[in-house]
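Secondary and tertiary structure notes
The chain contents come next:
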Amino acid sequence: MDGRVAAKKEDVMNIFNQFFGLFLKSRRTSHLFRRRVILESLSPEGRSGAVPDQLSGQLLQEARDDLASVLARLNTQKEGLSSEEADAIREKVGLNEVEHEKPMSWWLHLWLSYKNPFNLLLTVLAMVSYYTEDTKAATVIGTMVVLSTLIRFVQERRSNQAAQALKELVSNKATVIRRDDKAADRAVPPGAGPAIQPAGQLELPIKQLVPGDIVLLSAGDMIPADCRVMLAKDLFVSQSAMTGESLPVEKFTEAKGQAGNGEAALEMANLVFMGTNVVSGAATVVVLATGNNTYFGTLAARVTATNHEINAFQAGVNKVSWLLIRFAFVMVPIVLLINGFTKGDWPEAFLFALSVAVGLTPEMLPMIVTSTLAKGAVILSRKKVIVKRLDAIQNFGAMNVLCTDKTGTLTQDKIALARHTDVFGHESEEVLGFAYLNSFYQTGLKNLLDRAVLEHVEVQKELQLAENYTKIDEIPFDFQRRRMSVVVSEREHHHELICKGAVEEIVAACTRVRDGDKTVLLDAAMLERVHHVTRDLNEDGLRVVAVAMKEIPPSQAAYSVADESDLTLIGYIAFLDPPKESTAPALKALAENGITVKILTGDNELVTSEVCRQVGLVVEGIVLGPQIDKMDDKALAEAVEHHTIFAKLSPLNKERIVRSLRGNGHVVGFMGDGINDAPALRAADIGISVDTAVDIAKEAADIILLERSLMVLEEGVIEGRKTFSNMLKYIRMTASSNFGNVFSVLIASVFLPFLPMLPLQLLVQNLLYDVSQIAIPFDNVDAELVTKPLKWNPDDIGRFMIFFGPISSIFDITTFIVMWQVFKANTVAQQTLFQSGWFVVGLLTQTLIVHMIRTPKIPFLESRAAWPLLAMTLIIMAVGIFLPMGPIASYFKLEALPPAYFAWLVGILLSYAVLTTLMKRYYIRRFGWQ
């Protein structure tokens, strides 16, 4: 098996490359149980418009009604439906399949990859250039648009295809009782007993089930639909995917149990739900709802029907885009009018204004953004982080609030014996010994608590079970007593009845308590002390089980419930889902990086508070799901700011909290892997799931972690910030240099008798400058720039543009004066020399500016760019000098520059670098830097 998985992994890596090949991890069996139901999309006929809160009322009614009424309402019997009846019902309600997010068509994906303000504007400019017979400009602009679109399309398409390749199509069946003679399998589930033997059984694909079907369940089975329990024996169900509760819950035939008179459908003890699975025991259930009409189905329909909202990254890019576009719309007409009126050549003025429009538009922004994100995705894949949507990388860096579940994220998602104490709360090995005897000698399926006790194998050696103890009898667990007992003989000297169970039930059977080597009466004062100790353990987030015993003469051979009396309370064993070793340092690292962590869980607040205490997460307040239900949006917006733990939450509670945090201006990440997490994953700026999550959670997520660890998440955050920082370098650089160029063009257009640069020269300069920036995604980022969340701030970019743009204009004007006065390029006949001189200065200053503003430090000395960016800078500078000096100068209407020009060039570039660095320091002191 391992060899086949490894081979499959290697094959997919060869197809999809290392980035997407990391998706291929072997799946745990429990994960397969959870995901098998989500295979295909549900037909529209079966879709329900209900949301889970509305559905809860229907399920509560089904749970509280007597079984006969439920069966009558479903038009079924205890012997099941006939095949004809099932077929007729299936025709009406459809197949038992859950709404699944349909893969996006390639043409729609291509359109979304293309659709952004810059691409649309550049397309218009390319069309104008083409229809004005400026094919060179049209080709250059069109190439940029095509490259930007295709890079994004290919990168995201490959990601989605890799995710699709990992969907194992597992055929799963359920055992259904039928009233006719089509039954194919008459085996009875293990432990079911004669009470639930059917007249006939049929193995059917899960999607064939209909409301009214009678289904047999046994250990390991997935719950195929929402069902009412008819008969059960030791039935424990894992609902962690629905509720976040790590412990399995016991199910019964009555509407009581773990929640008592609970008001939530998920807390009803006689209901089981699609998407959960049987841990132990057996049962007969009647199907209440299938497909999208299930509790799970309503969540799936809600998630897949919701369009993914514009996230913080998309909104930020759009704001910056429109800022620059509005600037272009203002400046380009001014350039056109000035040149038209002063030069008198309106066609040439129009072409020049069009070239200025292209120069003002950061046409490489979509391509730089996409390639930067793509590079970030590859790097993150090496850190066990898979990116489904490229935009999510920047949101990773901008995230300042992380909402996460407790189970499996902060904790290990397993039950461990945390404490074993005497009646007064002191550690006691004797209590552990008695608990071990009880768990060791009980027959049948052992629950997770028993397994946690039995992990202490050293007790077996200390007690020398084989030599000293013999099992005499057993009194099994039942719901009424909520306890179980074993009777053992110790060296055949006497019998010991050892009983463990719920504290209240054990105490009710006790008359004395163990106090050291003696026993004392369990009077009112002692009972209050017992309650105080167990209450303290509960407040520590522990699940407490009491242990009691009594000695009996060896003459008795058979035992019954009546013997569970006059017991002596020995002490308590307490259980907890222990925190991961990596959780505390990861939380500390997230806090140091400016990320506030909030816990959103379906578990109870006491357990969650204790886990937070153990991992060092400061709890500022606790809010429960029922309290959130009563809050309006304004009250919730206030509550989410001042509380850390949100417990006993429904799926829609989680979604409301995430939306409220976003409404308060936060960039919100949500980390979850269960069915109950899907709405919140969709609502967050960045949805984070794990590769072992249920499919619906992975579909709603933007990021998938191959390792369920907050430490991996912290590494992803840092990489996201590096990606954002590199994008910001390009935006700042292009905005400021473009503003400076236009400012220079306006001045030159007023005073010069000719164009300061021809349209072709302006386009070539712009293209070379853009090419020099394609290495930005590979640039280094100062460690100081990734220590806090980075957000889009269009106002800051506008201020940066106005502040630094005129600096380049100072040296452009200096160049104008030098060319006019020193080299006498002051007539129409000498305009080629003038244009060549400004072409070189303009290109080199634009190329150097990225090194000046890529870091708040002194460039080249305190912070050095990565070698790809340095290399591209040198290459483009060399090309810029070669064009007027080389043999193809005439093609671009340039001419060779005199040797003296280069002395002036060095002086201008050095002065530009010094002044920019000084102004940068002033800017940092005044406005800060991110």
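The coordinates are above.
Conventions adopted
- Residues numbered from 1 in each chain as written.
- Predicted model: local features only at pLDDT ≥ 70, side-chain atom pairs only at ≥ 80, totals over all residues.
- Heavy atoms only, no water.
- Helix = DSSP H or I, 4+ residues; strand = E, 2+ residues; numbered from the N terminus.
- Buried < 20%, exposed > 50% of the residue type's maximum accessible area, 1.4 Å probe, protein only.
- Contact = heavy atoms within 4.5 Å.
- Areas by Shrake-Rupley, 256 points an atom, 1.4 Å probe, with all protein chains shown as cover.
- Axes fitted to C-alpha atoms, helices over the stretch in contact; angles between N-to-C directions.
- Parallel < 35°, antiparallel > 145°, perpendicular 65-115°, else oblique.
- Nonpolar A, V, L, I, M, F, W, Y, C, P; charged D, E, K, R; others polar.
- Core = buried A, V, L, I, M, F, W, Y, C linked by side-chain atoms within 4.5 Å.
- Pairing = 2+ DSSP bridges.
- Salt bridge = Lys/Arg side-chain N within 4 Å of Asp/Glu carboxyl O.

Moving on, we get to the overall build of the chain. The helix and strand inventory of the chain stands at 33 helices and 23 strands. Looking at the chain as a whole, 58% of its 930 residues are labelled buried. Considering only residue pairs separated by 6 or more positions, the chain has 75% of its internal contacts joining residues 24 or more positions apart. Per element, the accessible surface of the chain, about 37,300 Å² overall, is 58% carbon and sulfur.

Moving on, we come to the packing of helix α31 (residues 831–853) against helix α32 (residues 867–885). The geometry of α31 relative to α32 is characterised by a closest axis approach of 9 Å and an angle of 175° between their N-to-C directions. With respect to their mutual orientation, α31 and α32 come out roughly antiparallel. Note on element contacts: α32 touches α31 through L869, L870, T873, I876, M877, G880, I881, L883 and P884, opposite S836, F839, V840, L843, L844, T847, L848, V850 and H851. Residues belonging to the contact of α31 with α32 are distributed by class as follows: 13 nonpolar, 5 polar and no charged.

Of all hydrophobic cores here, the largest spans 90 residues; its most connected members are V356, M733, I797, F839 and Y901. Among the elements that line this core, the one with the most residues is α31, at 13 residues. For F839, the contacting residues outside a window of four places in its chain are M757, Q761, V764, Q765, L768, G880, L883 and L894. One finds V369, V387, M671 and V717 within the second-largest nonpolar core, a separate group that totals 39 residues.

Attention shifts here to the sheet that holds strand β9 (residues 401–404). Ordered by their spatial adjacency, 8 strands build an open sheet running β8-β23-β22-β21-β9-β18-β20-β19, and the pairing between neighbours is mixed. Each edge of the open sheet is held by one strand with a lone partner, namely β8 (385–387) and β19 (622–624). Taken pair by pair, the neighbouring strands of this sheet meet at an average axis angle of 20°, ignoring direction. With respect to the sheet, helix α22 (residues 605–615) is in contact with β18 (596–600), β19 and β20 (645–647), its orientation differing from that of β20 by roughly 150°.

One pass over the structure, following the stated rule, counts 19 salt bridges. A salt bridge links R662 to D685; its shortest N-O distance comes to 3.2 Å. Residue R662 is located in helix α25 (residues 651–663), and its partner D685 is located in the loop between α26 (678–683) and β22 (686–690); the two are separated by 23 residues in the primary sequence. The pair formed by R662 and D685 is uniform in burial state, with each residue classed as buried. When salt bridges that share partners are traced, they join E62, D65 and R73 into one network.

Interpretation in functional terms is not warranted from these geometric data alone.
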